[in-house]
Amino acid sequence: MWTYLQSLRGRILAINGALFLAASLAVAAGYFVHVRATLLEALEKRGSALAENLVMRSERALGVADTTGLREVADREVGDPDVGYLLVQDAAGQGVVESLAPGVDRNRIRSELAAAPWSPYATEILRIRFGESHLLLFSSPVWSRAVGSSGQRERIGTVRVGIDATPTLARIDRTLRLSLAGWLVATLVSIIGTVLVTRWTLRPLSRVAEASRAIAAGDLSQRVTVGSRDEIGQVGSAFNHMAASLAQHRATLEQRREELSQIAGENARLFREASQRSMRLGLLHDLARSIASSLDADEILNRVHEQLSKFIPYGYFTVLRYLPESEEFRRAFAWIDTGEIHAQDVVSAEIPTFRHVRQSLTPWVINDFEQDPVFSQSWLTPAGFKSGFLVPIVHQNEFMGILGLAFRRRQASSQGQIATVAAVAGNLALMLKNAALYGAVQASYAELKAAQEQLAHSESTRRAEKLRSVGQMASGVAHDFNNVLTAITGRVQLLRMKAERGALSAEEVDRSLQIIERAALDGAETVRRIQEINRHRGAAQDKR
């Protein structure tokens, strides 16, 4: 009920119903009040006229103290069906004439008169009820005629006339019931009319509401039929215009949404690519920084595995070096999550998958090992691996090997992961090349060092031989010079001895001098030979 009253139809019905109820109730109440006032006014006029008539008769009767005629008048008036009680009192309040209609309770009237305050000098009306009867008691003072020149009048009595109001009140009750019945009928008719008028009036609005709900549900093709040019018809026209505008705007929004969706998709793709590039650059940066201090191939491969495992959840990592002289691959590094590797150290390069990677220099993806003719026979499938991919290791178009990853889920690799591993493989090729060059340099250095050591050993041997020859020559020269010096010294000492004895002759002196001269010439010859040897060695060195 409350929900219905919250609707427009319910509010209109409630407002119109309330207005019709109030209006019909006011009309019924006005009619009842008017009829009641008219009947009571007629009753009061009847009672007042009767009281005035009795007052005039009582004035003469009380003035001459003759109540016989007044009693006859009273009995005659009480015989009227509308008159139920008549009482004429003197100035002292004593009853002079009293007449009652059948069924009127005298004691009840007297008790009501005694209990009710009244003014003997004013006209009053008193309502008395006993049983189902109602009595309107009219009291009017009776004045004497003017006496003397002053014209003063005095009250000589009171007339009380009781008019039976039961028929009048019955008519008033019937009028009330008729008014209520008319009010109910008018109310029912007004409610029915209000419902019909409201339904007829709000029917276009109901169609507008239904179309609005359909539009709210997404059906913008809804329109309402405009059957009039009044305000409701204008609402319908405005609604149709709004629906058409909404349909046009919706089409525009759908077009814009499609465009934005495409832009968002493109932005998402660019963002993914940028994220993947950023990840690859970060990975390559970390990888380059981690292996910058090492030229050892095993250490480089281990660090590559450590860096890749942070971004790619693989279960097996391996690097196969290509040996062109034997047309085969040799395992350079391998890691598995279980710690137990069953792979062979040497693999033929003629395996179709490996041959394709070596010849095309492009990655090879295996989404399902069980469906691949090569990997379905490999130890990887029984070990629980489901998919993987191979990436060539290439440096300046030189194929150096293969980097492979295996996963424990089917179709576990993505294009971003493959691109990342391909970028790592490119750097890995350069690093392995540098490591190989470093190894070659180290080997060359070792060979050079060995050659230098051998050369140094040969030179020392040659120098020793030379020194030995020089020593022998020096020994010979020293021997020769010693012979020369011995001859000279001996002859000089001999001459000195003979000169001291005085036995030195001229022939002896001459012979000794000849011997000394010959020894000196032999020494000079030895010196000449030594100079000749040095001159030939200097010329040979100049030629070298």
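Residues numbered from 1 in each chain as written. Predicted model: local features only at pLDDT ≥ 70, side-chain atom pairs only at ≥ 80, totals over all residues. Heavy atoms only, no water.

## What about a nonpolar patch on the surface?
Link 1 in the chain: A cluster of nonpolar side chains, namely Leu188, Ile192 and Leu196, defines an oily patch on the protein surface of about 300 Å² accessible area.
Link 2 in the chain: You can see isoleucine 192 is positioned in helix α5 (residues 166-216). (Patch = residues over 30% accessible without salt bridge, like charges linked within 9 Å, V, L, I, M, F, W, Y side chains within 5 Å. Areas by Shrake-Rupley, 256 points an atom, 1.4 Å probe, with all protein chains shown as cover. Salt bridge = Lys/Arg side-chain N within 4 Å of Asp/Glu carboxyl O. Helix = DSSP H or I, 4+ residues; strand = E, 2+ residues; numbered from the N terminus.)

## Overview of the pairing of strand β2 (residues 95-100)
Link 1 in the chain: Both strand β1 (residues 83-90) and β2 contribute to a ladder of 5 bridges, which runs antiparallel. From the neighbouring strand, glutamine 89 faces β2, where its bridge partner is glycine 95.
Link 2 in the chain: Between β1 and β2, which pair antiparallel and follow one another directly, the connecting turn spans 4 residues, one of which, glycine 93, has a positive phi of 90 degrees. (Pairing = 2+ DSSP bridges.)

## A look at the sheet that holds strand β7 (residues 328-336)
Link 1 in the chain: In spatial order, the strands read β8-β7-β6-β11-β10-β9; together these 6 strands make up an open sheet with antiparallel pairing. The two strands at the open ends of the sheet, each matched to only one other strand, are β8 (346-348) and β9 (364-366). Mean inter-strand twist for the sheet, computed between neighbouring axes without regard to direction, equals 25 degrees.
Link 2 in the chain: The pairing of strand β6 (residues 316-323) with β7 spans 8 bridges and is classified as antiparallel. (Axes fitted to C-alpha atoms, helices over the stretch in contact; angles between N-to-C directions.)

## What about helix α8 (residues 352-360)?
Link 1 in the chain: Turning to α8, its buried residues number three or more, namely Thr353, Phe354, Val357 and Arg358. Seen along its axis, α8 keeps its buried residues to an arc of 130 degrees; they face one direction.
Link 2 in the chain: Backbone geometry just after α8 places leucine 361 at a positive phi near 55 degrees. (Buried < 20%, exposed > 50% of the residue type's maximum accessible area, 1.4 Å probe, protein only. Arc of directions from axis to C-beta.)

## A closer look at helix α7 (residues 297-308)
Link 1 in the chain: Its 12 residues give α7 an end-to-end C-alpha distance of 17 Å, which sits within 8% of 16 Å, the value for a rise of 1.5 Å per residue.
Link 2 in the chain: Burial in α7 covers these residues: Ile300, Leu301, Arg303, Val304, His305, Gln307 and Leu308. (Expected span 1.5 Å × (residues − 1).)

## Description of the pattern of salt bridges
Link 1 in the chain: For the structure on display, the rule yields 10 salt bridges.
Link 2 in the chain: The salt bridge partner of arginine 410 is aspartate 368, with a shortest N-O separation of 3.3 Å. Here arginine 410, found in the loop between β11 (398-407) and α9 (415-501), pairs with aspartate 368, found in the loop between β9 and β10 (387-395); they are 42 residues apart in sequence, far enough to count as distant.
Link 3 in the chain: Taking the relative accessible area as the measure of exposure, arginine 410 reaches 40% and is therefore partly exposed.

## Section: the packing of aromatic side chains
Link 1 in the chain: Applying the stated criterion to the full structure yields 11 aromatic pairs.
Link 2 in the chain: With 5.5 Å between their ring centres and 50 degrees between their planes, tyrosine 322 and phenylalanine 329 make a pair best called tilted.
Link 3 in the chain: Residue tyrosine 322 is classed as buried on the basis of its relative accessible area, which comes to 13%.
Link 4 in the chain: The interplanar angle of 70 degrees and the centroid separation of 5.6 Å between the aromatic rings of phenylalanine 329 and phenylalanine 354 together place this pair among those described as edge-to-face. With phenylalanine 329 in strand β7 and phenylalanine 354 in helix α8, the pair connects residues that are 25 residues apart, well separated along the chain. Both residues of the pair, phenylalanine 329 and phenylalanine 354, belong to the buried class. (Phe/Tyr/Trp six-rings, centres within 6.5 Å; stacked < 30°, edge-to-face > 60°.)

## A few points about the pairing of β10
Link 1 in the chain: Where burial is concerned, most of β10 is hidden: 8 out of the 9 residues are buried.
Link 2 in the chain: Pairing analysis gives 3 bridges linking β9 to β10, with the strands arranged antiparallel. Bridge assignment links valine 365 to a residue of β10, and that residue is phenylalanine 389.
Link 3 in the chain: As paired elements, β10 and β11 share 9 bridges and run antiparallel to each other. Its bridge partner being in β11, glycine 388 is matched across the sheet by alanine 406.

## What to know about the confidence of the model for the protein chain
In low-pLDDT regions, the fine details of the predicted coordinates are not to be read closely.
Link 1 in the chain: Taken residue by residue, the protein chain gives an average pLDDT of 77. The fraction at 70 or more is 82%.
Link 2 in the chain: Here helix α1 (residues 2-6) stands out as the least confident element of the protein chain, with mean pLDDT 59; β9 is the most confident, with 93. (pLDDT = per-residue confidence, 0-100.)

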